[in-house]
Structure formats: structure tokens, C-alpha cells
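One letter stands for each residue in the lines below.
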Amino acid sequence: MRRWVGALRAAATVASGPCLESGGFRTRFDFGSRDAASWFPGHMAKGLRQMRASLRRADCLVEVHDARIPLSGRNPVLQEVLGIRPHLLVLNKMDLADPRQQSRVLEQLRQQGCSYVVFTDCQRDSNVKKIVPLVAKLVNSSPRYHRAESTEYSIMVIGVPNVGKSSLINSLRRLHLKKGKATAVGGEPGVTKAVLTRIQVCETPLVYLVDTPGVLPPKLADVETGMKLALCGAIRDHLVGEDIMADYLLYVLNQQQQFGYMELYGLPEASDNIRHVLKYVAVALGKTQKVKVLTGTGNVNMTMLDYSAAAYEFLRAFRAGRLGRLTLD
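Quick caveat: nothing in here was measured; it's all calculated off a predicted structure.

1. Thoughts on the overall build of the protein
Along its length, the protein carries twelve helices and eight strands. Within the protein, the proportion of its 329 residues that are buried is 51%. A separation of at least 24 residues holds for 71% of the contacts in the protein among residues at least 6 apart in sequence. Accessible surface for the protein amounts to roughly 15500 Å². Of this, 50% is attributable to carbon and sulfur atoms.

So, in C-alpha cells, the structure goes:
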């Protein structure tokens, strides 16, 4: 983990380097030359073992992933398992992703073998009603993997952390059973730490889902994949560093000409300098801190801008969609 965090933090020293185009924006984000490391807590390893043990009772796998990173970070360990069960890919948080990219994303996923993809927004139940009929269709057209006389559907929900697996289950219960939450949700990775008991989400047909802990790949493909996962909340911010994440976010926003941050924070023009942008963020939101300064006449308390707090708020704005709808892949 430390090697990977070091690689990400190396970006801080090179972010203002010479990788600029004529318009003044960076054409690439330099992560340095270090290898990506892993973030694989013990509860993930335990959850993966439980998931494999529970597979024999699953008729279908519903893989939930973040629509803002539809191609990055999908766990290859989970994908190895997908080949032995019907598989539906749910790209959640579609309200935060760029809708203009959906056609391109669907085509690339089809080339990777994902034939069944649904975009959803579980906060508003958008498109969630498509899932149960599609699961029934997939299972009915495939061999049943448990008792032949059973008429119920057993679905395992899998994916990386904090993509909305638990929210999907709760959304399905609202739609089909008119019931409330059956499983806890949270804005940080690691809320679900164990494979839970089966949860009914539909009466006709009778459908049970099993929520599972988010599991990251034991080794990430590259540092940029890790950064995208971190921006979307799949990796805890403090493991990467809000300052580096904010700089990478600014780089992506400028690359995609998403300049909503100018109006939101009162910048006169777009900028590729993260410290300059964070100064406006701190001023706009009143993020300051008291600093004790030693002078010739004694200690003096001074009020200064809090750039760390500003970076955190910049990331929060992205995750809430206030910087525009953005697809990172």
C-alpha cells in the first residue's frame, strides 16, 4: 500500500511539469515511474472466500459498477467467476456520468463480452425496474444451478467498493415490495464487510439477492486506475491524498472542457494550477485555519486559507455532480 500511495503522491511534484499543450492545459498527468500497489484489506479477502463458497446457490450474478468509470477497476478476480453464471452489468450513478458517452461505453463493453448492461440511478430508482425482468430472462434461458423444482431466483450482487450495491438492493425492494432499507449504505467504501443473508426484493417472480462486500483487485492495473477508483470513492481518500486527487480531477475536467468549476467558485478563467483553483474554492466556501506564527515580538495567530479543506470540498463537489456530469474513462 505504501508503495502505491508514494506513487500517487509523486504526482504532486510533477503535476506542474512540462506536459502542456498550446492552450496551457496538461496533455497527460505524470504519475512518476513507480509501480501500482494494492489496497486489499482483510475483510475483502474474507468476503471473496465467502462469495466463492456461495456461488453454488446463485442463479445469476449482478455486477454493479460506477457509471463514471465503466471500463476501469472492474475486478478481474470477479470476472473469472462471471463466466460460469449468467451475468448482468449494472452501471450505477448514471446521473453523475456524461450521458453523451453511453453509446461509446456500451460498444466497448460489448467488445469485452458484456452483452447485458443497464444504466441506473438508485437514488431515483431510474431504470432499476428493468433489472428483475432481465435477470428472469437470463436465468430462464440458462441451466439452473440449484434444485430443478425451485421457482425462485437467487442473485448474487458483486462489485468493487462504494458503487451502490446495497443501494440497488434497497431500490429494488422499494419498487417491487414497497418496503424500506434491508441493508446499510454509506458514502465510503467498506460499509458491507461480509456476505449477508438472502434478501427478498420481488414477490412475482420470487427473487432473492445477496449483498456482498466490495472487493478491489489484489493488484491494480496501473496508478491511474487507482486514481479513478479513488475519485469515485472506491478507495478511502486518506490512502491516496485529497491534494493529489484534486489535482488529477482538475486535469480531467480541463481535458474534457468541463469548466463548471469557474462559475461555481468564481474563477475569472479556467486554470490548470490546482493551488490557484483551491484558493478560489477556499475563499468561496470560507475554508480557513488558524496558524501560530513566531515573530520577534512573540507568537501571533494568523488566519490563512485551508487548502486541504478546499481540496476535500472540491472532491465532494465532483461526487455530488456539482462540477458537471463526468465520465473518467
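2. Notes on unusual backbone geometry
Residue Thr 204 is joined to Pro 205 through a cis peptide bond whose omega torsion reads 0 degrees. With respect to the helices and strands, the residue Pro 205 is situated in the loop between strand 5 (199–202) and strand 6 (207–210). Phi at Lys 93 is positive, roughly 65 degrees, even though this residue is not glycine. Within the secondary structure layout, Lys 93 lies in the loop between strand 2 (87–92) and helix 4 (102–111). The phi dihedral of Asn 162 falls on the positive side, at around 60 degrees, and the residue is not glycine. Considering the arrangement of structural elements, one finds Asn 162 in the loop between strand 4 (153–158) and helix 6 (165–177). Judged by its relative accessible area of 14%, Asn 162 falls in the buried class.

3. Some details on the side chain of Asp 329
Along the chain, Asp 329 turns up in the segment after helix 12 (307–319). Overall, the relative accessible area of 18% leaves Asp 329 in the buried class. Of note is the side chain of Asp 329, whose polar atom sits 3.0 Å from the side chain of Lys 228. Not counting residues within four places of it along the chain, the set of residues in contact with Asp 329 comprises Arg 68, Ile 69, Pro 70, Leu 71, Ser 72, Arg 104 and Lys 228.

4. Here's the deal with the nonpolar core
Counting residues in hydrophobic clusters, the biggest one holds 69 residues, and the most contacted among them are Leu 88, Leu 249, Tyr 261, Phe 314 and Leu 323. Considering every element that reaches this core, the biggest residue donor is helix 9 (residues 242–255), with nine residues. Residues in contact with Leu 88, not counting those within four places in the same chain, are Leu 61, Val 62, Glu 63, Tyr 116, Val 117, Val 118, Ile 131, Leu 134, Val 135 and Leu 138. Core analysis: the next-biggest nonpolar cluster, separate from the first, contains ten residues, Leu 91, Ala 97, Val 105 and Cys 114 among them.

5. Overview of the environment of Asn 254
By the element assignment, Asn 254 lies in helix 9. Classification of Asn 254 as buried rests on a relative accessible area of 2%. Beyond its immediate chain neighbours, meaning those up to four positions away, Asn 254 contacts Phe 25, Phe 259, Tyr 261, Ala 270, Ser 271 and Asp 272.

6. Section: the sheet that holds strand 1 (residues 60–66)
Two modes of strand pairing occur in sheets, parallel and antiparallel, and in both the strands are linked by backbone hydrogen bonds. The strand order 3-2-1-4-6-5 describes an open sheet built from six strands, whose pairing is mixed. The open sheet has two free edges, formed respectively by strand 3 (117–119) and strand 5, since each of these has just one partner strand. Across this sheet, the average inter-strand angle for adjacent strands is 30 degrees, counted without regard to direction. As paired strands, strand 2 and strand 3 are joined by three bridges and run parallel to one another. Among the inter-strand pairings, Val 90 is bridged to a residue of strand 3, identified as Val 118. On top of the sheet, helix 4 reaches strand 2 and strand 3; it is set at about 155 degrees to strand 3, its chief contact.

7. Digging into the pattern of salt bridges
Here the idea is simple: oppositely charged side chains can pair when their charged atoms come close. Within this structure, the stated rule accounts for ten salt bridges. One salt bridge in this structure joins Asp 247 and Arg 26, with 3.0 Å as the shortest N-O distance. Taken as a pair, Asp 247 in helix 9 and Arg 26 in the loop between helix 1 (2–14) and helix 2 (42–54) lie far apart in primary sequence, 221 residues in all. Both residues of the pair, Asp 247 and Arg 26, belong to the buried class.

8. Regarding the packing of helix 9 against helix 12
Two numbers describe how helix 9 lies on helix 12: the axes approach to 9 Å, and their chain directions differ by 50 degrees. With respect to helix 12, the element helix 9 is oriented oblique. The crossing of helix 9 and helix 12 is left-handed. For the pair formed by helix 9 and helix 12, the contact residues are Glu 242, Asp 243, Met 245, Ala 246, Leu 249, Leu 250 and Leu 253 on the first element and Ala 311, Tyr 312, Phe 314, Leu 315, Phe 318 and Arg 319 on the second. Its residues assigned to classes, the contact of helix 9 with helix 12 shows ten nonpolar, no polar and three charged.

9. What about the side chain of Ser 72?
Mapped onto the elements of the fold, Ser 72 is located in the loop between strand 1 and helix 3 (76–82). Contacts of Ser 72, omitting those with residues within four sequence positions, involve His 65, Thr 225, Lys 228 and Asp 329.

Criteria and thresholds
Residues numbered from 1 in each chain as written. Predicted model: local features only at pLDDT ≥ 70, side-chain atom pairs only at ≥ 80, totals over all residues. Heavy atoms only, no water. Helix = DSSP H or I, 4+ residues; strand = E, 2+ residues; numbered from the N terminus. Buried < 20%, exposed > 50% of the residue type's maximum accessible area, 1.4 Å probe, protein only. Contact = heavy atoms within 4.5 Å. Areas by Shrake-Rupley, 256 points an atom, 1.4 Å probe, with all protein chains shown as cover. Polar contact = N/O pair within 3.5 Å; in protein donor to acceptor, adjacent residues only side chain to side chain. Core = buried A, V, L, I, M, F, W, Y, C linked by side-chain atoms within 4.5 Å. Pairing = 2+ DSSP bridges. Axes fitted to C-alpha atoms, helices over the stretch in contact; angles between N-to-C directions. Salt bridge = Lys/Arg side-chain N within 4 Å of Asp/Glu carboxyl O. Parallel < 35°, antiparallel > 145°, perpendicular 65-115°, else oblique. Left-handed = near helix turned anticlockwise from the far one by under 90°. Nonpolar A, V, L, I, M, F, W, Y, C, P; charged D, E, K, R; others polar.

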